[in-house]
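Residue-level listing of the chains:
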Amino acid sequence: MTTYRTKQDIEALVTPFQVHRDVYTSDEVYRLEMKHLFANSWVFVGHDSQTPNKGDYYTTQIGDQPVIQVRHSGGEVKVLHNRCPHKGTKIAIDRTGNTGKFFRCPYHAWSFKTDGCLLAIPLKKGYEGTGLDQTENGKGMKSVGAVMNYRGFIFARLAEEGIGFEEYFGESLSSFDNMIDRSPAGKLVVAGQPLRYMHRCNWKMLVENQTDTCHPMVAHESSAGTAVKIWEEMEQPEGAPKPPAMQIIAPFMSPYEFFEDMGIRTWPNGHGHTGVSHSIHSDYSEIPGYFEKMSEAYGEEKAKQILGENRHNTVYFPNIMIKGPIQQLRNFIPLGPDKTLVESWIYRLVDAPDELVARTAMYNRMINAPTSIVGHDDLEMYERAQEGLMSDGLQWVNIQRLYKEDEDLDTQAEENGTTERQMRNQFHAWTKFMTMSLPSEDALEAAE
Amino acid sequence: MTITKDDLIDFVYDEVRMLDEGRYDDWLNLWTEDGIYWMPLDWKQKDEINETSLMYEDQFMLRLRVERLTGARTFSQKPKSRCHHVIQRPYVDKIDNDAGAFLVTTQMHYVETRLDDQFLLALTAQHELVLKDDALKIARKRVDILNCDAAFGNIQLLP
Ligand code: FES
Ligand SMILES: [Fe+2]
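Values in this document were obtained by computation on a predicted structure and should not be read as measured data.

All names here are of chain A. Ile-62, Phe-153, Phe-155, Phe-176, Leu-329 and Trp-430 are the most contacted members of the largest nonpolar core, which totals 79 residues. By residue number, the principal contributor to this core is helix H3 (residues 27-40), which donates seven residues. If you count residues domain by domain, this core takes at least three from each of domain 1 (45-150) and domain 2 (163-434). Not counting residues within four places of it along the chain, the set of residues in contact with Trp-430 comprises Ile-10, Leu-13, Val-14, Val-23, Val-29, Glu-33, Leu-37, Lys-204 and Phe-317.

And the structure:
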């Protein structure tokens, strides 16, 4: 049975403040997301520094599409579908490697330049006069629709035609800028391996949770609350600074007012961030020598301005979040309606003291690892939600906190930090990019 | 007091038994004040500080981890997990009674379960032990997971 076929079918799943549970549980909706939403939007692929040399590649996926990020002989980064045009074999299987000047398929040795163009086929005379050169497959490995390298961060749009990168992200790129500007050299380099954390829940639950400011003091009481309690029980010398671990975990217990006051900013196309004025990252202790390096690079005033921005989580629709102040990026990779792989990457600030990346690595393992006492309770909530949504008792998920009638999500806004506006913003964009390439009811009827 | 090979082997057996039986106060007493539990994320990882690890925990963090397990609002432990170690006879890599420093490497299988789920991890644990007030203490424990680069769900107890 096919329930969801048209623009109207999908539009009916999202109201201004409610989302139908099928959006999280239906296999059909999930397939449409892969086909339309992830094709029409700009999706994060990887970082430039993962493929620094010519021939370096990195394999990942955009939605459910296997792709290769590769450094082409010209120096630029290409994103290719990871599929041999002959019989479909994946060209690269390892997560990273160097392919030299060309890719060679391990099945029948068709070879391709690092921009995907067909280079050679063994015993080529077998194709003479067959018309292979007239087919799309005969051209080589297929490129994605469009690629953008934004200051080292690689994004791709699968669809050939569609919204441009600048228009899609607009002002939201200011969060990337702030993260990258925190390097005195204006450059980030990936540090170590990403955490890979499997979640048996829908990918959108994770994206929503990034700006869910009413959960930390509740869901994380067992970790952050216990940390604060133990710390208070321990005898501290007068005026001793909190150790880095406490600086990281204690702010999760901040009261509602802290989160209300920090603010949320949303941008068109589903992007937004928490922490307009301050965040859980604001009160980390200074790292000796860092400000001096920043002042040298930017001048004191600009340096202060860069470091004064302490945005908490910035969501880039559809499926990543970055933390500018600590150079972390989390990629919520959908694997099924109820399965999501979360990769948490960290980056080193070029020309900054090592203590910064050490703190970021600590944050990553303390909060976002499969072994993290904070992550455990988040995952527990998502999985309980995924199971709870199977209930037929109610059909809708509520995202109404601080909702006002006639909310305009196509304009930038700054609001109380506990609003669920950013979640509504994501679903507004979800409908837009889902339906962009879906037929309307009338068109479908006319065709049938 | 002289530490023998058997003392070291018994120590490792006793430690995993404490973990399996949930005797965490006893377990915390096995550590030196600045003892570190390290679980690398990358195969053969060398840098535990400037790259992400699965765990790199001092005594404050270990105490927090253990206390949390019994909290009234520890939602991911309702119901509680259970764990089980099956260990091979430890290799005693170093006995230096003069310096009071010892190194033991143990291959083990670790099983953790909660509700209907159960998973198995193949581990190599390396214990750096020291003699403090006539007792062996863990100065550093490194636990490498054979498939450290795989994606895991929650690992909630202590491998
Ligand atoms: S499948 Fe790749 S060359 Fe045949
Ligand atoms: Fe959380």
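A separate point is empty space enclosed by the protein. Residues and elements named next belong to chain A. Overall, the coordinates contain four cavities of 30 Å³ or more when judged by the stated rule. Here the largest cavity defines a volume of roughly 270 Å³. Residue lining of the largest cavity: 25 residues in total, with Asn-209, His-215, Phe-252, Asn-313 and Asp-378 positioned closest to the centre. At the level of secondary structure, the elements contributing two or more residues to the lining of the largest cavity comprise strand S13 (195-199), helix H6 (203-209), strand S17 (320-323), helix H13 (354-368) and helix H14 (373-388). Among the elements that line the lining of the largest cavity, the one with the most residues is H14, at four residues. Grouping the constituent residues of the lining of the largest cavity by class yields 11 nonpolar, 10 polar and four charged. Approximately 50 Å³ is the volume found for the second largest cavity. Residue lining of the second largest cavity: Trp-203, Lys-204, Val-207, Phe-317, Pro-318, Gln-426, Phe-427 and Trp-430, and that is the complete set. Counting residues per element, the ones that place at least two in the lining of the second largest cavity are H6 and helix H15 (421-435). Grouping the amino acids of the lining of the second largest cavity by side-chain chemistry returns six nonpolar, one polar and one charged.

All names here are of chain A. Applying the stated criterion to the full structure yields 26 aromatic pairs over all chains. A ring pair is formed by Tyr-58 and Trp-345, whose centres lie 5.9 Å apart and whose planes are at 85 degrees; its orientation type is edge-to-face. Taken together, the residues Tyr-58 in strand S3 (residues 56-62) and Trp-345 in strand S19 (residues 339-349) connect sequence positions 287 residues apart. Comparing Tyr-58 with Trp-345 shows no difference in burial state: the two are buried. Here Phe-165 and Phe-169 contribute two aromatic rings whose centre-to-centre distance is 5.0 Å and whose plane-to-plane angle is 65 degrees, an arrangement assigned as edge-to-face. Separated by four residues within a single helix, Phe-165 and Phe-169 lie in helix H4 (residues 165-169), roughly one turn from each other. The class of Phe-165 is buried, set by a relative accessible area of 5%. Assessed through its relative accessible area of 2%, Phe-169 is described here as buried. It is Lys-204 that lies over the ring of Tyr-24; its NZ or CZ is 5.6 Å from the centre.

Residue and element names in this part refer to chain A. Domain boundaries assigned for chain A yield domain 1 (45-150) and domain 2 (163-434). With centres defined by C-alpha atoms, the gap from domain 1 to domain 2 works out at 34 Å. Opposite the nine residues of domain 1 that make contact, domain 2 presents 15 residues. Of the roughly 1000 Å² buried between domain 1 and domain 2, counting both surfaces, carbon and sulfur atoms make up 60%. For the interface between domain 1 and domain 2, the tally reads zero salt bridges. For the pair domain 1 and domain 2, the number of links is two residue pairs in polar contact (both at pLDDT 80 or more). Breaking the side of domain 1 that touches domain 2 down by element, the ones donating at least two residues are S3 and strand S10 (146-150). Here the side of domain 1 that touches domain 2 is composed, by residue class, of three nonpolar, five polar and one charged.

About the criteria used
Residues numbered from 1 in each chain as written. Chains lettered and ligands numbered in written order. Predicted model: local features only at pLDDT ≥ 70, side-chain atom pairs only at ≥ 80, totals over all residues. Heavy atoms only, no water. Core = buried A, V, L, I, M, F, W, Y, C linked by side-chain atoms within 4.5 Å. Buried < 20%, exposed > 50% of the residue type's maximum accessible area, 1.4 Å probe, protein only. Helix = DSSP H or I, 4+ residues; strand = E, 2+ residues; numbered from the N terminus. Domains from an automatic or database assignment. Contact = heavy atoms within 4.5 Å. 1 Å grid on protein atoms, 1.4 Å probe; cavity = no way out; pocket = protein on both sides within 12 Å on 5 of 7 lines; lining within 4 Å. Points joined across faces, edges and corners; volume = space filled by probe spheres on them. Nonpolar A, V, L, I, M, F, W, Y, C, P; charged D, E, K, R; others polar. Phe/Tyr/Trp six-rings, centres within 6.5 Å; stacked < 30°, edge-to-face > 60°. Lys NZ or Arg CZ within 6 Å of the ring centre and 35° of its normal. Buried area = accessible area lost by both parts, 1.4 Å probe. Salt bridge = Lys/Arg side-chain N within 4 Å of Asp/Glu carboxyl O. Polar contact = N/O pair within 3.5 Å; in protein donor to acceptor, adjacent residues only side chain to side chain.

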